[in-house]
Amino acid sequence: MRSSPLPRMSRRGRVTIGVLIGVFVFFTLLGWGVNAWTDWLWFDEVRYTQVFTGVLATRLLLFLVIGLGMAAIIAGNLWLAYRLRPQLRPHSAEQATLERYRMLLSPRLGTWIALAAAVIGLFAGLSAQSRWSQWLLFRNGGSFGVKDPEFGIDVGFYVFQLPFWRYLLGVGFTAVVLALLGALAVHYIFGGVRLQGVGDRMTNAARAHLSSLVAVFVVLKAIAYVLDQRAMLLEYNEGAKLYGAGYADINALLPAKEILAWIAVVVAIAIIVFSNAWMRNLVWPGIALALLGVSAVAIGGIYPWAVQTFEVKPSARDKEAPYIERSIEATRAAFGLTGTKSTGYAASNLVPPASLATDTSVVQNVRLLDPQLVSETYTQLQQVRGFYDFGPKLDIDRYATAGKTSDYVVGVREINYGELTDQQSNWINRHTVYTHGYGLVAAPANQVVCGGQPYFVSGFLGEKAQEACSSQTEQIPAQQPRIYYGERMESDDYAIVGQTGDRNVEFDKPTSTGGEQYYTYTGAGGVEIGSFTRRLLYAIKQQESNFLLSEAVNDDSKLLYVRNPRDRVEKVAPFLTLDGDPYPAVVNGRVLWIIDGYTTAATYPYAERVNLQAETADELTGRGTFQLARENVNYIRNSVKATVDAYDGTVKLYAFDDTDPVLKAWNKAFGGELVLPKGDIPAELAEHFRYPADLFKVQRNLLTKFHVTDPGDFYSGQDFWQVPNVPDAPDSGQKQPPYYLFTQFPGQESPRFQLTAAVTPNGRQNLAALVSGSYVDGRPQLEVLELPDQTRISGPTQVHQQMTNNGDIRQQLNLLSSNQAQVQYGNLLSLPFADGMLYVEPVYVKSSNQDAYPLLQKVLLSYGDGGSYVVLANNLSDGIKQLVEQGKRAATGNPPPSTGDKPPTTGGTSPPVLTGELAEAAGKVQSAIAEVKAAQASGDFERYGRALKALDEAMAAFQEAQAAANPSPGPSPSGSPSASPPASPSSSPSPNG
């Protein structure tokens, strides 16, 4: 009895479904169209349309080629299976059951096949278009000029060719498997394959079709074995704990892969012959497939395991030595470690030398300001309006002022839209009034004034700085100080600029008279949105009707968006991995953001593979720096220096490593003019290039192991290092960040601006080496100052503990942290000097009062092994003098004096009686100290600064009276100067008293 046909859908139902599908397709295409159009306008604004068209064309090409190819393979095999159906089928219950499906499919079989192929092709195409970067490298990649140590193939094959070949092989496997399953289903439905009935279970035509697909699958497996031989050089070697093929891989697995490839070819031939030309059954093809499976297990699995277990493990040090050497050499080459200059540093001097007091290359340039801690100070002292912000971390750069180059702590005064009040946050104010920040604010990194404040030298909102604790003139002038593009900008922080007439509506800056100055943007950046079409377009994109309704949008309006410099460069150069710490610089009168761009790869043979997110994470991650993506790489180059103009958003890409083959491939892929040549870098811009932090972290972490170049020593791991934790919070598990210094290390001819980090022996806390990165003649230079084994020099964590746990110092630190105040520690700097080690750690005090900010109050110093010579001084120069005095005492055989600011007193001796002018001056000092303590407790920092200045004057008057009276040396007239910090803990005199 035939079953009733399936019920038909009503006409109204079909229309409803059609309308819903049409609406869905319309809005989907509308969204894609709007995004594509606005992207084109944005790329046209920044003049990088070749990136937009290049990526889009490549995506479409891959989508169409792979999608249509996959659809054609599926459709062709399904149609072939139908055409090979038997015309007569034996009667059976199975065939009767299948008849209803044949009745459903046969009338519209072409439609069903096309639909199935289209769906599969769609997903294949969507997957393929995401491989646009692999295809562009495959097509444009060249030679590295370096051959792998096993096959002698250029590294370019592994970086540019192998990833896309493996992808194509995966597509082939997918297509064959889906075609095989689909063909099997069609053969079964239409009787070519039967499970019941008399006679053969499969027709000759079905057998030939299905066996051919199986043979193609096996041939692809043979190709996979050949590619696997090359890919072995990228795999992890468990025996040596390194990447790259080891002894068992080369001597057992490699020949096994070759044998299996030939077996696969023989099996493919056997399947065709036995299934169709000779015995015409599936017994022998099945045996052949089983043979391939058994061979894969025995030859490709058991045999290499046996070699590894019984031959390599008993003597792994010797067996793996050549392959460990390969990994060391490849890793050092892939990560730019080959040219690392390693120098021994005895650090045998444990006594502070007298030359500390007269040094001009190291001590004079010691950085006291911590860019993380003083960010709050910048915000409070230079904010002026509550919506201005400097971010959670500032940056370090160097400038030449008054003929002297030194490092500066710099920050940009940006608009923080999250700090706008409710009244200020309406659409008009947010997007047309509060459009930009103002000024790059800088302060010398080794100088403080007015009770521990930075000495600001630029970025003033008035024509002339009025603050008593700042420079009276702009020492780093910017002709265009307005900041329309900055790190504080989020994706929805767009700005609409440009006005008709002479009326200015953009808030510019407050004036010295208490009013406000307004401005109209005149830069070349921004997308013009004066026409109705453009307004409609962006109203849809931003889902904001004010683009059409507001009078603030006029014929002269421009839209500024993608305003974060890092996002801007990432959009222009999507093939780059960007450093997490962009920094601003004034170059030729304009504020530019400088972003380091890396080219990376994950298929460099024998090189160590690292995760960028894990390797670059430390205490500062997410605090003013961007966290990198979880990208696994085994090759990296700082090949691009990118700049973004903070005013008009202009993006420029400069080739920094012009020998990098990966950058050459990308530049070729986009027409050859995407990246400007290195010779086009302006000299004024190159002066502000600095060794990139994230690259340095990766290289430093690798050097903790790969500074060992002897394979035997590497295998034992006894000489490995580690990166210490944050000195003042070692239990946090966060690594100590590297720090920028303008200083001179042993072996260097003059001071350099360099990124520096200390490392300790693995599992121990004493100092092992100092790693630094700098530029020499425009080229990156890594240097390692390596201390002897079993050195007595303490590492950063030990030094911090020894300094802060010293009895006298602990007492003074406790006094600083009393009265509702908190002690914060700045960067602990490790400075090699005079064949010894100088440690400097600034000490900040922050009141618990609302809107309080950290002030630099003391400086911790140590020399030698970290514990013998320790001082807590009011400023750097005083600390250096105390260290030198301790060194002199040690040279004469006397014990070092008590540490801290309290001068030694003669036990049991009464202080002399002060009379006359000396007694009056001492009384003024005591009164000034009392006022400093009261001001510190009150949290009034303006009062605190005045009190400190008065204390300085009182101390100077006392010293003059003491000199006039010429008394014998006596104790300080004050009880504990540590409770009353001086005005200038600096290596140089304060410019303001």
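Residues numbered from 1 in each chain as written. Predicted model: local features only at pLDDT ≥ 70, side-chain atom pairs only at ≥ 80, totals over all residues. Heavy atoms only, no water.

### Things to note about the overall build of the chain
Point 1. Scanning the chain for helices and strands turns up 26 helices and 34 strands.
Point 2. In the chain, which comprises 993 residues, the proportion classed as buried is 54%.
Point 3. Across the chain, the fraction of contacts at a sequence separation of at least 24, relative to all contacts at a separation of at least 6, is 69%.
Point 4. For the chain, the exposed area adds up to about 43500 Å²; of that, 55% sits on carbon and sulfur atoms. (Helix = DSSP H or I, 4+ residues; strand = E, 2+ residues; numbered from the N terminus. Buried < 20%, exposed > 50% of the residue type's maximum accessible area, 1.4 Å probe, protein only. Contact = heavy atoms within 4.5 Å. Areas by Shrake-Rupley, 256 points an atom, 1.4 Å probe, with all protein chains shown as cover.)

### Describing unusual backbone geometry
Point 1. Notably, Tyr-606 is not glycine yet its phi reads approximately 75°, a positive angle.
Point 2. Within the fold, Tyr-606 resides in the loop between strand 20 (590-601) and strand 21 (610-611).
Point 3. On the basis of relative accessible area, Tyr-606 is assigned to the buried category, the value being 1%.
Point 4. In this structure, Ala-834 is a non-glycine residue whose phi angle is positive, near 50°.
Point 5. Structurally, the position occupied by Ala-834 is in the loop between strand 31 (829-833) and strand 32 (836-847).

### As for the state of the cysteines
Point 1. In this structure the tally under the stated criterion is one disulfide.
Point 2. A sulfur-sulfur distance of 1.7 Å marks the disulfide that ties Cys-450 to Cys-469. For the disulfide bridge between Cys-450 and Cys-469, the dihedral angle about the S-S bond is near -100°, and by the sign convention the bridge is left-handed. Of this pair, Cys-450 sits in the loop between strand 10 (448-449) and strand 11 (453-454) while Cys-469 sits in the loop between strand 11 and strand 12 (482-483), and the two are 19 residues apart along the sequence.
Point 3. Residue class for Cys-469 comes out buried when judged on its relative accessible area of 16%. (Disulfide = S-S within 2.5 Å.)

### A short note on the packing of helix 11 (residues 321-334) against helix 20 (residues 693-706)
Point 1. Two elements in contact, helix 11 and helix 20, have axes separated by 11 Å at closest approach and are oriented at 160°. Comparing their axes, helix 20 and helix 11 come out roughly antiparallel. Where helix 11 crosses over helix 20, the two elements pack in a sense that is left-handed. Touching Ser-327, Ile-328, Thr-331 and Arg-332 of helix 11 are Leu-702, Leu-703 and Phe-706, all from helix 20.
Point 2. Its residues assigned to classes, the contact of helix 11 with helix 20 comprises four nonpolar, two polar and one charged. (Axes fitted to C-alpha atoms, helices over the stretch in contact; angles between N-to-C directions. Parallel < 35°, antiparallel > 145°, perpendicular 65-115°, else oblique. Left-handed = near helix turned anticlockwise from the far one by under 90°. Nonpolar A, V, L, I, M, F, W, Y, C, P; charged D, E, K, R; others polar.)

### Observations regarding the nonpolar core
Point 1. Within the largest apolar cluster, 208 residues are counted, with the highest numbers of intra-cluster contacts made by Leu-653, Leu-838 and Leu-861.
Point 2. In terms of residue count, helix 6 (residues 155-189) provides more of this core than any other element does, 16 residues in total.
Point 3. When residues no more than four places from it in sequence are discounted, the contact partners of Leu-861 are Met-803, Leu-838, Tyr-839, Val-840, Tyr-869, Val-870, Val-871, Ala-873, Leu-876, Gly-879, Ile-880 and Leu-883.
Point 4. Judged by nonpolar contacts, the second largest core, of 26 residues, contains Tyr-345, Val-823, Val-845 and Leu-860. (Core = buried A, V, L, I, M, F, W, Y, C linked by side-chain atoms within 4.5 Å.)

### As for helix 18 (residues 661-669)
Point 1. Inspection of helix 18 places Pro-661, Val-662, Leu-663, Ala-665, Trp-666 and Asn-667 among the buried residues, and these make up the whole buried set.
Point 2. Following helix 18 by one or two positions, Gly-671 has its phi on the positive side, about 95°.

### Considerations on the confidence of the model for the chain
Point 1. Mean pLDDT over the chain: 85, with 87% of residues reaching 70 or higher.
Point 2. pLDDT under 50 marks residues 1-6. Its contacts with residues more than four places away, or in other chains, come to three contacts.
Point 3. Ignoring residues within four places in sequence, the model shows residues 898-913, a span with pLDDT below 50, making 28 contacts including any to other chains. (pLDDT = per-residue confidence, 0-100.)

### Concerning the sheet that holds strand 5 (residues 395-401)
Point 1. In spatial order, the strands read 5-6-9; together these three strands make up an open sheet with antiparallel pairing. At either end of the open sheet lies a strand with only one pairing partner, and these are strand 5 and strand 9 (440-444). When the angles between neighbouring strand axes are averaged without regard to direction, this sheet yields 45°.
Point 2. As paired strands, strand 5 and strand 6 (residues 404-412) are joined by seven bridges and run antiparallel to one another. Across the sheet, Asp-395 pairs through a bridge with Val-410, a residue of strand 6. (Pairing = 2+ DSSP bridges.)

### Regarding a negative patch on the surface
Point 1. On the surface, a cluster of negative charge is contributed by Glu-325, Glu-329, Asp-710, Asp-713, Asp-719 and Asp-789.
Point 2. Of note, Asp-719 is situated in the loop between helix 21 (711-716) and strand 25 (721-722).
Point 3. With a relative accessible area of 34%, Asp-719 lands in the partly exposed category. (Patch = residues over 30% accessible without salt bridge, like charges linked within 9 Å, V, L, I, M, F, W, Y side chains within 5 Å. Salt bridge = Lys/Arg side-chain N within 4 Å of Asp/Glu carboxyl O. Lys, Arg positive; Asp, Glu negative; His and termini not counted. Charge placed at Lys NZ, Arg CZ, Asp CG, Glu CD.)

### A word on the packing of helix 5 (residues 132-140) against helix 18
Packed helices, taken two at a time, are described by the angle their axes make and the gap between the axes.
Point 1. Closest axis-to-axis distance for the helix 5/helix 18 pair is 9 Å, and the angle between their directions is 100°. It follows that helix 5 is roughly perpendicular to helix 18 by the angle criterion. Judged by residue contacts, Trp-132, Ser-133, Leu-136, Leu-137 and Asn-140 of helix 5 engage Ala-665, Trp-666, Lys-668 and Ala-669 from helix 18.
Point 2. Here the contact of helix 5 with helix 18 is built from residues that sort into six nonpolar, two polar and one charged.

### A word on the pattern of salt bridges
Side-chain pairs of opposite charge can arise whenever the charged atoms involved come near each other.
Point 1. In the structure shown here, the tally under the stated rule is 28 salt bridges.
Point 2. Here Asp-581 ties to Lys-393 by a salt bridge, and the two come within 3.2 Å at their closest N and O atoms. With Asp-581 in the loop between strand 18 (577-578) and strand 19 (583-587) and Lys-393 in the loop between strand 4 (388-389) and strand 5, this residue pair connects regions lying 188 residues apart in the sequence. For the pair shown, Asp-581 and Lys-393 are each scored as buried.

### Considerations on the pairing of strand 28 (residues 769-776)
Point 1. By the criterion of burial, strand 28 is predominantly enclosed, with seven of the eight residues buried.
Point 2. The pairing of strand 27 (residues 752-761) with strand 28 spans five bridges and is classified as antiparallel. Residue Ala-757 lies in a different strand from strand 28, and its bridge partner there is Val-771.
Point 3. Across eight bridges, the pairing between strand 28 and strand 29 (residues 779-786) is antiparallel. Note on strand 29: the bridge partner recorded for Ala-769 is Glu-786.
Point 4. Linking two consecutive strands that pair antiparallel, namely strand 28 and strand 29, is a turn of two residues; a positive phi of about 55° is found at Asp-777 within it.

### Some words on the sheet that holds strand 16 (residues 527-528)
Point 1. If you walk across this open sheet you meet the three strands as 13-17-16, and the pairing is antiparallel. The two strands at the open ends of the sheet, each matched to only one other strand, are strand 13 (495-497) and strand 16.
Point 2. In this structure, strand 13 lies alongside strand 17 (residues 558-560), joined through three bridges in antiparallel fashion. Along strand 17, the bridge assignment pairs Ala-495 with Leu-560.

### Topic: the environment of Thr-432
Point 1. Tracing the chain through its elements places Thr-432 in helix 13 (residues 427-433).
Point 2. A relative accessible area of 2% places Thr-432 in the buried class.
Point 3. Placed 73 residues apart in sequence, Thr-432 and Val-505 show a C-alpha to C-alpha distance of 7.4 Å.
Point 4. Apart from residues lying up to four places away in sequence, Thr-432 is in contact with Trp-427, Ile-496, Val-505, Glu-506 and Ala-552.
Point 5. In this structure the side chain of Thr-432 is engaged in a polar contact, spanning 2.4 Å, whose partner is the backbone oxygen of Ile-428. (Polar contact = N/O pair within 3.5 Å; in protein donor to acceptor, adjacent residues only side chain to side chain.)

### Structural notes on the environment of Asp-581
Point 1. For Asp-581, a relative accessible area of 10% translates into the label buried.
Point 2. Counting along the chain gives 45 residues from Asp-581 to Phe-626, while the straight-line C-alpha distance between them is 6.5 Å.
Point 3. Those residues in contact with Asp-581, other than ones at most four positions away along the chain, are Lys-393, Asp-395, Gly-624, Thr-625 and Arg-690.
Point 4. Within polar-contact distance, the side chain of Asp-581 engages the side chain of Arg-690 at 3.1 Å.

### Some thoughts on the packing of aromatic side chains
Point 1. Counted under the stated rule, the structure contains 42 aromatic pairs.
Point 2. Pairing Tyr-434 with Phe-507 gives two aromatic rings, centres 5.8 Å apart and planes at 50°, and the pair type is tilted. A residue pair is termed long-range when its members are at least 10 positions apart, and Tyr-434 in the loop between helix 13 and strand 8 (437-438) and Phe-507 in strand 14 (residues 506-510) qualify at 73 residues. When sorted by exposure, Tyr-434 lands in the same class as Phe-507, which is buried.
Point 3. Taken together, the ring pairs connect Trp-135, Phe-138, Phe-164, Trp-165 and Tyr-167 into an aromatic cluster.
Point 4. Arg-482 extends its terminal NZ or CZ atom over the ring of Tyr-519, reaching a point 3.9 Å from the ring centre. (Phe/Tyr/Trp six-rings, centres within 6.5 Å; stacked < 30°, edge-to-face > 60°. Lys NZ or Arg CZ within 6 Å of the ring centre and 35° of its normal.)

### Focus: the side chain of Asp-148
Point 1. Along the chain, Asp-148 falls in the loop between helix 5 and helix 6.
Point 2. Although Asp-148 is buried, it makes no salt bridge; Arg-326 carries the closest opposite charge, 6.5 Å away.
Point 3. Side chain to side chain, Asp-148 and Tyr-158 meet in a polar contact 2.9 Å long.
Point 4. With residues near it in sequence (within four places) discarded, Asp-148 still touches Ile-153, Tyr-158, Leu-233 and Pro-605.

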